[in-house]
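So the chains spell out like this:
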Amino acid sequence: MPPPPLGIEAARRLLGRAAYGARTGEAEQVGRLTLSDWLDGQFALPLDNPTTTAHIAALAIPIRYPAGPGEQMVDELRPLSTLARTHAQRWAHADGRRIAGPERDRPRAELVLATIARKAIAPDQLRERMMEFWHDHFSVAAQSAPHVAVSLAEHDARIRRHAFGNFAALLEAVATSPAMLAYLNNRSSRAGAPNENYARELMELHTLGAAAYHPDARAWRDVPGAAEGRPAGYFDGDVWEAARAFTGWTVSAGQRLDAVQALPDNGAFAYVERWHDGYQKRVLGQEFTPFSPAMADGRKVIELCAAHPATARHVCAKLARFLIGDPPPPAAVQRATEAFIR
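So, how was this worked out
- Residue positions are counted from 1 within each chain, in the order its sequence is given.
- Totals for whole chains, interfaces and linings use all residues, but because this is a predicted model, local features are given only for residues with pLDDT of at least 70 and pairs of side-chain atoms are given and counted only at 80 or more.
- Neither water nor hydrogens contribute to the side-chain values; these are computed over all heavy atoms in the structure.
- Under the scheme used here, helices are H or I runs from DSSP no shorter than 4 residues and strands are E runs no shorter than 2 residues, and both carry numbers assigned from the N terminus.
- The buried label applies to any residue whose accessible area, calculated with a 1.4 Å probe on protein chains only, is under 20% of its type's maximum; exposed applies above 50%, and partly exposed to all values in between.
- Polar contacts, as used here, are pairs of N or O atoms within 3.5 Å; protein pairs need one atom able to donate a hydrogen and one able to accept it. Residues neighboring in sequence count only if both atoms are side-chain atoms.
- Contact between two residues is taken to exist if any of their heavy atoms lie within 4.5 Å; hydrogens are not considered.
- Here an axis means a line fitted to C-alpha atoms, over the contact stretch when the element is a helix, while the angle between two N-to-C directions is reported on a 0 to 180 degree scale.
- Here roughly perpendicular refers to angles of 65 to 115 degrees, roughly parallel to angles under 35, roughly antiparallel to angles over 145, and oblique to all remaining angles.
- Crossing handedness: left-handed means the near helix sits turned counterclockwise from the far one by under a right angle, and right-handed means the same turn made clockwise.
- An expected span of 1.5 Å times one less than the residue number is assigned to each helix.
- Joining through side-chain atoms within 4.5 Å is the link that ties buried Ala, Val, Leu, Ile, Met, Phe, Trp, Tyr and Cys residues into a set, and such a set is a nonpolar core.
- Residues are grouped as follows: Ala, Val, Leu, Ile, Met, Phe, Trp, Tyr, Cys and Pro are nonpolar; Asp, Glu, Lys and Arg are charged; every other residue, Gly included, is polar.
- At least two DSSP bridges between two strands are required for those strands to pair.
- What counts as a salt bridge is simple: a side-chain nitrogen of Lys or Arg found within 4 Å of a carboxyl oxygen of Asp or Glu.

Visitor: Would you explain the environment of glycine 209 in this entry?
Guide: Tracing the backbone through its elements, the reader meets glycine 209 in the loop between α13 (197–206) and α14 (236–245). In the structure, glycine 209 is positioned 101 residues away from alanine 310 in sequence and 7.1 Å away in space, judged by C-alpha atoms.

Visitor: Just checking my understanding: could you explain the environment of glycine 237 for this structure?
Guide: You can see glycine 237 is positioned in helix α14. On the accessibility criterion, glycine 237 (10% relative accessible area) is buried. Between the alpha carbons of glycine 237 and leucine 35 there is a distance of 45 Å; along the sequence they are 202 residues apart.

Visitor: For this particular structure, what's the right way to read the side chain of histidine 314?
Guide: You can see histidine 314 is positioned in helix α16 (residues 309–323). From its side chain, histidine 314 meets the backbone oxygen of leucine 205 in a polar contact 3.0 Å long. What histidine 314 contacts, discounting residues up to four positions off in sequence, is His137, Glu204, Leu205, Thr207, Leu208 and Gly209.

Visitor: How should the packing of helix α11 (residues 167–175) against helix α15 (residues 296–307) be read in this particular structure?
Guide: To describe two helices that pack against each other, one gives the angle between their axes and the distance between the axes. The geometry of α11 relative to α15 is characterised by a closest axis approach of 9 Å and an angle of 135° between their N-to-C directions. Classed by the angle they form, the pair α11 and α15 counts as oblique. Of the two elements, α11 crosses α15, and the hand of that crossing is right-handed. For the pair formed by α11 and α15, the contact residues are Phe167, Ala168, Leu171, Glu172 and Ala175 on the first element and Arg299, Ile302 and Ala306 on the second.

Visitor: Please clarify how α15 should be interpreted in this entry.
Guide: The α-helix advances 3.6 residues per turn, and as a result positions three or four apart in sequence lie on the same side. For α15, built from twelve residues, the straight-helix expectation of 16 Å at 1.5 Å per residue is met to within 8% by its first-to-last C-alpha distance of 16 Å. What α15 keeps buried is the set Asp297, Gly298, Val301, Ile302, Leu304, Cys305 and Ala306.

Visitor: I keep staring at unusual backbone geometry and nothing clicks. Help me out?
Guide: Across the chain, the bulk of peptide bonds are trans and the bulk of non-glycine residues have phi less than zero. At the junction of aspartate 326 and proline 327, the peptide bond is cis and its omega measures out at 5° in the coordinates. A positive phi angle, close to 70°, is found at methionine 295, a residue other than glycine. In this fold, methionine 295 is placed in the loop between β6 (286–287) and α15. You can call methionine 295 buried: its relative accessible area is 12%.

Visitor: Looking at this structure, I do not really get the nonpolar core. What am I missing?
Guide: One finds Trp134, Phe138, Phe167, Trp249 and Val301 to be the most contacted residues of the largest nonpolar core, which totals 54 residues. Sequence-distant contacts of tryptophan 249, that is, excluding residues within four places in its chain, are made with Ala175, Thr176, Leu181, Asn186, Arg187, Phe269, Ala270, Tyr271, Met295, Gly298, Arg299 and Ile302. In terms of nonpolar packing, the next biggest core, distinct from the first, is built from eight residues, Ala11, Leu15, Val30 and Leu126 among them.

Visitor: What exactly am I supposed to notice about the side chain of histidine 155 here?
Guide: Within the element layout of this structure, histidine 155 appears in helix α10 (residues 152–162). Setting aside its immediate chain neighbours within four residues, histidine 155 contacts His135, Phe138, Val140, Val174, Ser177, Ala179 and Met180.

Visitor: How should I be thinking about the packing of helix α7 (residues 106–121) against α10 in this particular structure?
Guide: At a minimum axis separation of 9 Å, α7 and α10 run at an interaxial angle of 35°. Contacts from Arg108, Leu111 and Arg118 in α7 reach Leu152, Ala153, Asp156 and Arg160 in α10. Its residues assigned to classes, the contact of α7 with α10 shows three nonpolar, no polar and four charged.

Visitor: I would appreciate a short explanation of the pairing of strand β3 (residues 249–253) in the present structure.
Guide: Looking along a regular strand, one sees side chains alternate from face to face of the sheet. Here β3 lies mainly inside the structure; four of its five residues are buried. Of the pairings in the sheet, the one linking β3 to strand β4 (residues 265–271) comprises four bridges and is antiparallel in character. Looking across to β4, one finds that threonine 250 is bridged to alanine 270.

Visitor: Honestly, the pattern of salt bridges in this entry has me stumped. Any pointers?
Guide: Any two side chains of opposite charge can pair, so long as their charged atoms come close to each other. In this structure the tally under the stated criterion is 23 salt bridges. Arginine 78 is the partner of glutamate 76 in a salt bridge, and the nearest nitrogen-oxygen pair spans 2.7 Å. The class of glutamate 76 is partly exposed, set by a relative accessible area of 38%. One salt bridge in this structure joins aspartate 236 and arginine 200, with 3.2 Å as the shortest N-O distance. Residue aspartate 236 is located in helix α14, and its partner arginine 200 is located in helix α13; the two are separated by 36 residues in the primary sequence. Classification of aspartate 236 as buried rests on a relative accessible area of 18%. Judged by relative accessible area, arginine 200 falls into the partly exposed class, the value being 25%.

Bear in mind that shape data such as this cannot, by itself, settle questions of function.
As C-alpha cells, this is what we get:
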C-alpha cells in the first residue's frame, strides 16, 4: 500500500523545518503529496534556477565611503556585480593598500543579500536549508582576514555544488577552499612547521566530533580498537599526523617558490610538492605509504575521517537536530546514521 499524503498540518511542519515556511497555498499543495514525492521534487530541481538568478541580478545595494583626498564621496546604488566576477578578480579586492574597506567588503555583502533572496524565493528550498546547515558546519569567519571575506562567494559555490552529494567529496571541496585554507592557516602549513588548526577542526567539528576525542591517549594504541584497525575515535597524535598530511595544501598568493619561480597571485588552491612532508604517517590507526603521489596523504585523511562511524553519528545527529528539533529523536538519528554508513 502506498504511503498516504502528508496532509496540511504535516506539510506545514515540513515546510517550517526543511524549507523556510509555507508560501501562500503551498501547504495545501504539499499536503497532497507524500514525503517521498516532495523530497524527490526538491532533489530534481536544477542547481541554477533562471528565475532566481534573474531576481538576484536585478537587486542593488548602496555603497558609501569617502574617496581619496580631493575626490568626491562614493555614494552609489550598485547591482551585485562582484558575484559575477571570477574568484581571481574578487581576490584582488583584499589588497588594503589599493582597495577601500567598503570595496573589500563588497563580495561578502553581496553574498549575504543573494543568500537572503534565495531563502525567500528559490524553489529548491531544501537545498537552501542544507546550504545553511553546511555553512554552519564548515564555518569560516569573514572578519578574520580580508582574504577570507573575498573568498566567501567561492566557498559558497563549492558547498552548493556538493550540498546534496557525497560527503567525502564535500570534505575535499572544503579542504581546498581558499576561504578555509586562509581562515585556519593551512595556507602556510609546510613540512617541518605544520599548522594543526585545520586538521584539528576537521576531526573535532567537521567529521568525528568532540565526543570521539580521547584526550588521555598518549599513543595510537591507547585508543580503543586502534590495534585492530578500528579506532573508536581520535587522539592528539592523529591531529598532528593529519596536519603533516595536509602540508603543501595552500592558496596561490604570489609566494616565492625559489629564486626564479613564484605562485600566481590569484587566490586559487595550489598543492606545492616541495612544501609537503612526504615521510611516513599514521592516522586513525592506518599506516600511510611514504612519499605517496601528490595530495594522496591529505585525501587519505579525508577518506578515513568520512568513513569513520563516529562521523556518521556526529553529522547525522546535527542534521536531525537541524531538520527535526532539539533534542533529536534517537530513532531518526539511528536510521540516518545507518544510511550514512551505507
